[in-house]
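Structural characterization, general
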Amino acid sequence: MYKQPIQTGRFAPSPSGQLHIGNLSSSLLAWLDARSVGGRLIFRMEDLDPDRSSKESEQSIALALKALGLDWDAGYPDSEYSQSQRSSKYDEVFDLLLHRDMLYPCYCSRSERLPPPPPPPSDSGCKCRHLNFSERRELEAAGRKAAWKIKVPDKTISFCDGHYGKFSENLADGGDFIIKRSDGVYAYQLAVSFDDMDMGVTRVVRGRDLLSSTARQIWLISELGGDAPKYYHAPLIVGADGRKLSKRYGELGAEALLKTHAPDEIIGYIAGLLGISDGSPHSAAELVSEFDWGNVSKADILI
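Residues numbered from 1 in each chain as written. Predicted model: local features only at pLDDT ≥ 70, side-chain atom pairs only at ≥ 80, totals over all residues. Heavy atoms only, no water.

Comments concerning the pattern of salt bridges
As a reminder of what qualifies: The term salt bridge refers to a side-chain nitrogen of Lys or Arg lying within 4 Å of a carboxyl oxygen of Asp or Glu. The helix count covers DSSP runs of H or I at least four residues long, the strand count covers runs of E at least two residues long, and both are numbered beginning at the N terminus.
What the rule picks out here adds up to 16 salt bridges. Glu58 is the salt-bridge partner of Lys55, the closest N and O atoms lying 3.7 Å from each other. Pair noted here: Lys55 and Glu58 are both in helix α2 (residues 55-67), with a separation of three residues, about one helical turn. Via salt bridges that share partners, Arg10, Arg44, Glu46, Arg86, Asp195, Asp196 and Asp198 belong to a single interconnected network.

Some words on the packing of aromatic side chains
Spelled out, the test is: Ring geometry is summarised as follows: Phe, Tyr and Trp rings, the Trp one being its six-membered ring, pair when their centres sit within 6.5 Å, and such pairs are stacked at plane angles under 30 degrees, edge-to-face over 60 and tilted between the two. Buried residues are those whose accessible area, probed at 1.4 Å on protein chains only, stays under 20% of the maximum for their type, while exposed residues exceed 50% and partly exposed ones sit between those limits. Placement of a charge over a ring requires the Lys NZ or Arg CZ to be within 6 Å of the ring centre, with the centre-to-atom vector within 35 degrees of the ring normal.
One pass over the structure, following the stated rule, counts 11 aromatic pairs. Here Tyr90 and Tyr186 contribute two aromatic rings whose centre-to-centre distance is 5.6 Å and whose plane-to-plane angle is 65°, an arrangement assigned as edge-to-face. Here Tyr90, found in helix α3 (residues 87-99), pairs with Tyr186, found in the loop between β8 (177-180) and α7 (188-198); they are 96 residues apart in sequence, far enough to count as distant. No difference in accessibility class separates Tyr90 from Tyr186, as the two residues are buried. Residues Phe94 and Tyr186 carry aromatic rings whose centres are separated by 6.2 Å and whose planes lie at 65° to one another, so their mutual orientation is edge-to-face. Residue Phe94 is found in helix α3, and its partner Tyr186 is found in the loop between β8 and α7; the two are separated by 92 residues along the sequence. Like Phe94, the residue Tyr186 is buried in the burial classification. Cation over ring: Lys180 sits above Phe94, and NZ or CZ is 4.7 Å from the ring centre.

Points about the nonpolar core
We count it as follows: Side-chain atoms within 4.5 Å link the members of a nonpolar core, which is a set of buried Ala, Val, Leu, Ile, Met, Phe, Trp, Tyr and Cys residues. It only takes one pair of heavy atoms within 4.5 Å for two residues to be counted as in contact.
Counting 42 residues, the largest nonpolar core has Phe11 and Phe43 as the members making the most contacts within it. For this core, the elements supplying multiple residues, two or more each, are α1 (21-36), β2 (40-43), α2, β10 (230-234), α9 (254-260), α10 (263-274) and α11 (284-287). Sorting elements by how many residues they give to this core places α1 first, with eight residues. If we ignore the near neighbours within four places in the chain, the residues touching Phe43 are Phe11, Pro13, Ile61, Ala62, Leu65, Trp72, Ala74, Gly75, Tyr76 and Tyr81. Counting residues in each nonpolar core, the second largest holds 32 residues, with Val201, Leu211, Ala215 and Trp219 among its members.

Encoded structure:
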């Protein structure tokens, strides 16, 4: 008899501060999504940026998840699941893409890269894609350090988000994107795409602000010979100013909340915001049997 492969979700926070309500809502949804289909969860630390990441933040995040009953089956504190320890794997991917002539050095400054100009249909819009060897040497002699970009094709990627439905995006509309920064740090798009493929992730739950990255990641995973996971994007929890929550909302940080509220109260409150419960105290485990993406709000949530 055919046995369906087990589903695998993931937590993938950046340890640049403590979790807040917005992070916790995505974590709860990721946990419920995986557990409701009998799946497993891995906990990956996306600590690529050494200037923003800290061990204190890692510990704070892990303690908060455990306190809220959001357990995991593999990952932290295993270093194999920390992006900062996976550079040798990213090096192999980089070399593969370089060998296939899919990469080029980009000497644009950050201000020149952002915002990108609208590219013509058959071009990324970055002048560095067309530099010859002598032009590159001249820029390097002038002290310019190159980031590395990947050449995207004029190709439409279509996918069905598990929450928001059908999407299509032409990769050329977004232009070529960085996979390695000028300081040598690998960029988010390469690391997250490879890691999801390499770790066997089949379900990705994250905020809808990352929906625009999905086509790029589906394409990159395909180019690396893998199968993209199913993506479920979630509404953002925003403050009174309409902006996505961040570390500036200290009173809504996990550490502060756990000092003044029981874990079941926090879980129940978040579940109520999302539309998956009435807001009364519940443990995460109590919500599994009735979890349904059809009940999750599609509109951003103001608090």
